[in-house]
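Survey of secondary and tertiary structure
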Amino acid sequence: MLDLLPLTAADHELIELARRTVDANTDGPDGIYTMGAAVRAADGRMFAGINLYHFLGGPCAELVALGRARAEGARELTTIVAVGNEGRGVFSPCGRDRQILVDYHPDIRVILPTEHGLGSVVATDLLPGAYRWTPTIES
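Read on for a plain summary of the structure. (Residues numbered from 1 in each chain as written. Predicted model: local features only at pLDDT ≥ 70, side-chain atom pairs only at ≥ 80, totals over all residues. Heavy atoms only, no water.)

1. Details of the pattern of salt bridges
Pairs may arise between side chains of opposite charge once their charged atoms sit close together. Overall, the coordinates contain four salt bridges when judged by the stated rule. For the salt bridge of arginine 19 with glutamate 16, the shortest nitrogen-to-oxygen distance reads 2.4 Å. Separated by three residues within a single helix, arginine 19 and glutamate 16 lie in helix H1 (residues 9–25), roughly one turn from each other. Residue arginine 19 pairs with aspartate 23 through a salt bridge whose shortest N-O separation is 2.8 Å. Pair noted here: arginine 19 and aspartate 23 are both in helix H1, with a separation of four residues, about one helical turn. Residue classification places arginine 19 among the partly exposed residues on the basis of a relative accessible area of 33%. The partly exposed category is assigned to aspartate 23, whose relative accessible area is 32%. Counted as one network, the salt bridges with shared partners bring together Glu16, Arg19 and Asp23. (Salt bridge = Lys/Arg side-chain N within 4 Å of Asp/Glu carboxyl O. Helix = DSSP H or I, 4+ residues; strand = E, 2+ residues; numbered from the N terminus. Buried < 20%, exposed > 50% of the residue type's maximum accessible area, 1.4 Å probe, protein only.)

Structural data, given as C-alpha cells:
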C-alpha cells in the first residue's frame, strides 16, 4: 500500500508548469513530443523538460527535467511530475525513471494518479526492493 499524500498548492503549480511545457512544445496528438515534466528544488526553483522521442528509447521528460535542474545547480530535489500532451493529465513514471529517481533522489515525492485521484509518494515506494546504485564521484 502506497503512503499517498494529498497535493499541495505547490504541487498544483508544478503540474501546471509541466502541462504548459508540453502543450507549448507538442506536435499535437500524432506528434512525438508527448510528455512534459517538472521538478521542484528544495529552494523552490522549478525546472521543466520534455521527452525526446526516439525509436532507441530517447530520454523521458522526467530525465530531461532532472538534467536541467542539475545543469542549473539544483541537487536537492523535492517533487517531480510528468504530464501528457493534449490534456491527457498526470502519468506515473516508467520503470527506468523510477530506478533513476531511487538512485539519485530516493526521498523525492512523485506526483501520480491513483484510483483515489492524484497524490504523491516517495520514489522508493514506487520501486520496493529495488537494486540500489549509488552514484559516486571519482577523483
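2. Here we look at the environment of serine 120
Mapped onto the elements, serine 120 comes out in strand S6 (residues 117–122). Overall, the relative accessible area of 4% leaves serine 120 in the buried class. As for serine 120 and valine 81, which are separated by 39 residues in sequence, their C-alpha atoms are 9.1 Å apart. Excluding its chain neighbours within four sequence positions, the residues that come into contact with serine 120 are Asp3, Leu4, Leu5, Leu7, Arg109, Val110, Ile111 and Leu112. (Contact = heavy atoms within 4.5 Å.)

3. Notes on helix H2 (residues 61–71)
Along H2, the positions that sit buried rather than exposed are Ala61, Glu62, Leu63, Ala65, Leu66 and Ala69. In this structure, the buried side of H2 is in contact with strand S1 (35–41), strand S2 (46–50), strand S3 (77–84) and helix H3 (95–104). Downstream of H2 by a residue or two, glycine 73 has a phi angle that is positive, lying close to 90 degrees.

4. A word on the environment of glycine 87
By secondary structure assignment, the location of glycine 87 is in the loop between S3 and strand S4 (89–91). When its relative accessible area of 70% is taken as the criterion, glycine 87 is described as exposed.

5. Digging into the side chain of arginine 109
Along the polypeptide, arginine 109 turns up in strand S5 (residues 109–114). The buried charged residue arginine 109 lacks any salt bridge partner; its closest oppositely charged side chain belongs to aspartate 3, at an N-O distance of 5.1 Å. If we ignore the near neighbours within four places in the chain, the residues touching arginine 109 are Asp3, Leu5, Thr78, Thr79, Ile80, Ser120, Val121 and Val122. (Lys, Arg positive; Asp, Glu negative; His and termini not counted.)

6. Thoughts on the nonpolar core
Ranked by size, the top nonpolar core spans 22 residues in total, and within it Val39, Leu66, Leu77, Ile80, Leu101, Ile108 and Val110 carry the most contacts. Listing elements by their share of this core, those giving two or more residues are S1, H2, S3, H3 and S5. In this view, valine 39 contacts Leu14, Arg45, Met46, Phe47, Ala65, Leu66, Ala69, Leu77, Thr79, Ile80 and Ile108; residues no more than four positions away in its chain are not counted. Among the nonpolar cores identified, the runner-up in size contains 11 residues, and Leu7, Leu17, Ala38 and Ala48 belong to it. (Core = buried A, V, L, I, M, F, W, Y, C linked by side-chain atoms within 4.5 Å.)

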